[in-house]
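# Report on the structure
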Amino acid sequence: MLPAMSPINKRLPRELRHNLGRYLGLFVLIALTIAMVSGYLVAAKSIERRIAETREEVTLEDFGFATQFKASDAAIRAVEDLSSGSVVHENFYSDVSLALSGDGAACTARLYKNRVDFNQAIYYTGHAPEAEGEIALDKTFSANHGLSVGSTVTVAGRRMTVSGIMVLTDYEALIKKNTDLIFDAQTFTVAQVTDTAFDELAAGTIYNYAVVLGGADADMSLADRTDLERDAADALAKGGAKVVDLVDRESNNSMTYADDDIEGDQVGWVVICAILLVVCAFVFVVLTNATIEEESATIGTLLASGYRKGELIRHYLAAPTIVGVLAAAVGNAVGYGAVVDLMSGLYYRSYSLPPYRTYFSGEVFAMTTVVPVVMLVAITFLGIARKLSATPLAFLRREVGRRSHRSSLALPERWGFVTRFRSRVFLRNASHFAVLFVGIMFSSLLLLFGLCMLPLIRHYAGQMADSVPAEHVYMLKAPLEIDVNAAERGWAVAADRLLDFERPADELSREDYLDLVGRAAMLQGDERVRQGHVLNTKTNPEHVVEDAEKFVATTLDVARLRSEKSEQVTVYGVKTGSKYFKYDVSGGKIVIGAGLAKKCGLAPGRQATFTDRYTGDTYVLAPDVVAGEPTDMNVYMSRATYAEVFGEDVDYFNGYVSNEPLRLNDRYVASEMTPGQMVEIANQMEDSMGSIMSMIMWLAVPISIVLIYLLTKTVIDRSARYISYMKVFGYRNKEVTNLYVRSITITVLASLVLSLPLVYWLVSLLMEVVMADYAGNIELWVPWYLLLEVIGIGAVAYALVAVVHVWHIRRISLSDAMKVQE
C-alpha cells in the first residue's frame, strides 16, 4: 500500500490558494528577473561565441597596410620574410558612388574583389558575385534600405543586381575611416564584385594589403607585433613603397568596435542583475517574516501536537520552493525562447555580425537562476529556523514578531479619531513601513537608472562638444606648413604631383617631368623642409592662417581607477597663452582634464605612469593642475615641455586648431574633429542604446508594481483582524479603506519623495561601475523632470496596487473577528 499523505502536507494546496496574490507576485518577480537578465546575457555571450568561432573558421588579418602605389613583389617578399609563415594578401578597394532605387540618399560602396583566402565573407542569403553585373552588399546596410537578393542598385553609374547579402569578417562595424568616431550603416557599405567588375568600376584604387601571420607567430603579442609592423614599414620603404597607412587588428575599429560595445553593455546588465538579486533577497526576507506571523497560531498548534521543527521547516519551505522553481523554469523558457531574440536583434540591427545562434551559458544560468532560487530557499529556511526557536505558547499567543511598544504609545487627545487611528496604523506597522521605504528605494533605483541614460548621453555629448577647443581640430600625418607664399606653394604642388605618378617619365613629356623635378628641388632650400616639414599645396586666406594654431599630440595609456583596462588619452603640446586651449601651461606646468583625474584617480603632485602601447615606452608625469570639463580626458603642456618629455624637436607639430576651416593637402590629413561630431556620436549611441534602455524600463515598471504590491500587502494582511473588527462595529468598506489605504498611500508617496536623494547617490555609484570599462568619463546627470517621472511612475504603480488592496479589504470577512486568539 502507498503511504498515506501526511496531514500537514494536505495544507499545501490550501496555503497556495489562500496566499495566491503573495505567491503570484513572487512568481512574477523571479520569472521576470530571470527572463530579462538571462535573455540579454545569453544573447551577448552567444554573440561573443559566434564571433570567436567565426574568427577560428576564417583567416583574419593580423595587421594591414596601404601604400601610395602598388608595392613591388620584392617589397612584399621582404615583408613576408620578416616572420616565418606570414602571407601578405592584396586587399585593394575603391570607394564608389551607390544609388538605390527610390532612395535619394547619397551612399558610398567600398568595393572589394571576391575574397577566398583571407577576411572571407559570410553569406546570409544568395551567393558571391559570379557575373560582371552582380554585387554582394553588407547585411546591415541592406536591412536599413530594404535590399535583398535580386534588388537592383546603381554602382558608379552601372546598374547591378544584388547576388548576395553578406558580412565581411573584418567589417563588424561599418566604419569608413579608422579615425572616425562612429560607424555609418546608413550611407556606407562594403561590397564584393568579380575581379573584372572591380577593374571596370574602381575609381582611384587604394592599394591596401592584409598580413596574416602563421606558425609560431600566429599568437604574437601586441608589443611584438608592433615591432614587426615597424620593421614591415621599413622593409616597404627600402623596397620603394611609400606606406600611407598601417593598422594593427586591435586598433582596427571595424574589427573591434562591436566587441567592445557588447562587452561594455554586459557590465550594465550584470549590475542590474545584482540589484535585482538584492531586491529578491529583500522580498524573500519580508515574505518569510509575514508567513511566520500569519501562521503563528497554526505553527504553535502543530508544535503542541507533536510535530517536529524539521517537519515544519520542510512544510513551510515547500510552497516558496515550488513557486521559485516554477518561476525559474518559466523565466528561462521565456528568456531563451523570446527575450534572447529581442536582445540579439538590438546588436544585429547595428553591426554586421555572423549569423546568430543561441548557446547555453552555465555562467549566466548560475547567476540568474541558481543564485535566486538558492537565495529563496536559504533565506526562507534561515528565517523559519530562527523563528521556530520560540516556544509553542508564544506562537499560540501570536507573540512571535508581533510585540511592539510603539503601538501602545499614548497619542494626543486633541487629535481627531481619524488622525489617531492612522497614526496607530503607522506605529503598529512601523517596521513594515520601513521595509516598504527600502523597497520603494530599490524600485526607484531601477526606474531612474533606465530613465536617465538617454538624457545623460545628450548631456555628455554637449559637454564633449564644449571640450573641443575649436570649431576644427586637424590631426596630421606629417608637419604641414600652411604659411606659404605663391612660389613655395608652386614648388609643393610640383613635389606632390610627382608622388601621384608611379613612373613619371611614362606619364609626362621629358620637358614637363624635368620642370616638375626642378620646381620640387627648390623645396630643399626651405629651412622647414630640411627639418622634415611639408609645405601645403592649397591656398588659405591670410586671416585664416593667422587664426590657426599649431599643436603636437600623441596617444598614451594610463591605468583606470576602477577597471583592469587602461584609458587611452591624448597628450597635447600647445602654445603658451593659446586662445584655443584655455589652460596655463607656462613654466613647465602640466594640466590634466577633470574627467581624466576622476576616471584614473590622478591628482596634482601625484606621479602617474603613461605608456605607449605600441613601443612599450613609459613616461612618468606629475600633473600640476586639474581643469576643464568633466569629460576632458586629455593632458596639456607647452610645446617646449612636450619636446623635452618626448624627445622631439621644439618646432615639431602634427596638428592645427582653428575656428575657420583650413584647406589642407588631403594626403597629410589624418583626421578632423569638430563639435558637431559629438552630436553625431550622441545620435549613434541613442540608436544603439535606446532599445536597451526601453528594455530596462519594461523590466523596472512591472517589478516596481510587484514590489510595492508585495510589501504593502503584508500591511493589509497583518491588519486583517482589525479590519474585521471595524466591520463588526459598523464601519463601511469605504470608511475602512479610507483609514487603512490612505495610511499606506501617505507612506508610499512620502517614501517616493524622501528616498530620491539616496536613490540619486546610489545611481551615481552604479554609473561609475557600469562606465568603468567605457572610454571617457561619463558622470551622472539627471534633469529635474526625470525625478518627477520617477515619482509619477511610482505613484501610478501604487494606484494600480491600491485598487487591488481595496478589493482585498472588501473581501475580509466579519468572521475573522470571531476567531479565537488565545
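Residues numbered from 1 in each chain as written. Predicted model: local features only at pLDDT ≥ 70, side-chain atom pairs only at ≥ 80, totals over all residues. Heavy atoms only, no water.

Looking only at helices and strands, the protein chain has 25 helices and 23 strands in total. Taking contacts inside the protein chain between residues at least 6 apart in sequence as the whole, the part at least 24 apart equals 83%. Carbon and sulfur atoms make up 57% of the accessible area of the protein chain, which amounts to about 36,400 Å² in all. (Helix = DSSP H or I, 4+ residues; strand = E, 2+ residues; numbered from the N terminus. Contact = heavy atoms within 4.5 Å. Areas by Shrake-Rupley, 256 points an atom, 1.4 Å probe, with all protein chains shown as cover.)

Moving on, we come to the packing of helix 2 (residues 20-57) against helix 9 (residues 309-348). The N-to-C vectors of helix 2 and helix 9 enclose an angle of 35°; their axes lie 5 Å apart at closest approach. At the point where helix 2 passes helix 9, the crossing takes the right-handed sense. The residue inventory of the contact of helix 2 with helix 9, partitioned by class, reads 26 nonpolar, 7 polar and no charged. (Axes fitted to C-alpha atoms, helices over the stretch in contact; angles between N-to-C directions. Left-handed = near helix turned anticlockwise from the far one by under 90°. Nonpolar A, V, L, I, M, F, W, Y, C, P; charged D, E, K, R; others polar.)

Each α-helix winds once per 3.6 residues, and so residues spaced three or four apart point in a common direction. Here helix 6 (residues 222-238) contains 17 residues, and its C-alpha end-to-end distance of 24 Å stays within 8% of the 24 Å for a straight helix at 1.5 Å per residue. The complete set of buried residues in helix 6 reads Leu222, Arg225, Thr226, Leu228, Glu229, Ala232, Ala235 and Leu236. Against strand 1 (63-67), helix 3 (73-80) and strand 11 (243-248) lie the buried residues of helix 6. Phi turns positive, to about 85°, at Gly240, one or two residues after helix 6. (Expected span 1.5 Å × (residues − 1). Buried < 20%, exposed > 50% of the residue type's maximum accessible area, 1.4 Å probe, protein only.)

As a further point, take the side chain of Lys139. When you line up the elements, Lys139 lands in helix 4 (residues 139-144). One buried charged residue, Lys139, remains without a salt bridge, the closest side chain of opposite sign being Asp138 at 6.7 Å. Other than its neighbours up to four places away in sequence, Lys139 contacts Tyr124, Ile165, Met166, Val167, Tyr348 and Tyr351. (Lys, Arg positive; Asp, Glu negative; His and termini not counted. Salt bridge = Lys/Arg side-chain N within 4 Å of Asp/Glu carboxyl O.)

Before going further, it helps to spend a moment on the sheet that holds strand 2 (residues 87-90). One open sheet accounts for 4 strands, arranged 2-10-1-11; its pairing is antiparallel. One side of each edge strand has no neighbouring strand; the edge strands of this open sheet are strand 2 and strand 11. Direction aside, the axes of adjacent strands within the sheet are offset by 20° on average. Pairing geometry for strand 2 and strand 10 (residues 207-212), over 4 bridges, is antiparallel. Bridging across to strand 10, Glu90 finds its partner in Tyr209. On the sheet, helix 3 packs against strand 1, strand 2 and strand 10 and is oriented at approximately 140° with respect to strand 2. Sitting on the sheet, helix 6 touches strand 1 and strand 11, and the angle it makes with strand 11 is about 165°. (Pairing = 2+ DSSP bridges.)

With that settled, consider the confidence of the model for the protein chain. Across the protein chain, pLDDT averages 81, with 88% of residues at or above 70. The least confident element of the protein chain is helix 15 (residues 504-507), whose mean pLDDT is 47; the most confident is strand 21 (residues 635-638), at 93. Every residue in residues 502-506 is under pLDDT 50, and counting partners more than four places away or in other chains gives 5 contacts. (pLDDT = per-residue confidence, 0-100.)

Next up on the list: the packing of aromatic side chains. Per the stated rule, a full pass over the model turns up 20 aromatic pairs. Taken together, a centroid distance of 5.9 Å and an interplanar angle of 50° make the contact between Phe581 and Tyr636 tilted. Of this pair, Phe581 sits in the loop between strand 16 (566-574) and strand 17 (591-593) while Tyr636 sits in strand 21, and the two are 55 residues apart along the sequence. For Phe581, a relative accessible area of 3% puts it in the buried group. The class for Tyr636 is buried, based on a relative accessible area of 2%. Relative to Phe646, the ring of Tyr619 lies with its centre 4.7 Å away and its plane at 55°, an arrangement referred to as tilted. Here the residue Tyr619 occupies a position in strand 19 (residues 618-621), and Phe646 occupies one in helix 20 (residues 639-646), the gap between them amounting to 27 residues. The same class applies to Tyr619 as to Phe646, namely buried. (Phe/Tyr/Trp six-rings, centres within 6.5 Å; stacked < 30°, edge-to-face > 60°.)

A word on the side chain of Thr631. Among the structural elements, Thr631 can be located in the loop between strand 20 (625-627) and strand 21. Not counting chain neighbours up to four residues away, the residues in contact with Thr631 comprise Tyr460, Gln463, Met464, Ser467 and Asn777.

Turning to the pattern of salt bridges, a few remarks are in order. Pairing of side chains with opposite charge becomes possible as their charged atoms draw close. One pass over the full model with this rule turns up 20 salt bridges. Among the salt bridges present, the one from Asp227 reaches Arg230, with a minimum N-O distance of 2.3 Å. Here the residue Asp227 and the residue Arg230 both occupy positions in helix 6, the gap between them amounting to 3 residues, near one helical turn. Residue Arg230 is classed as partly exposed on the basis of its relative accessible area of 36%. One connected set of salt bridges, linked through shared partners, spans Arg49, Arg50 and Glu53.

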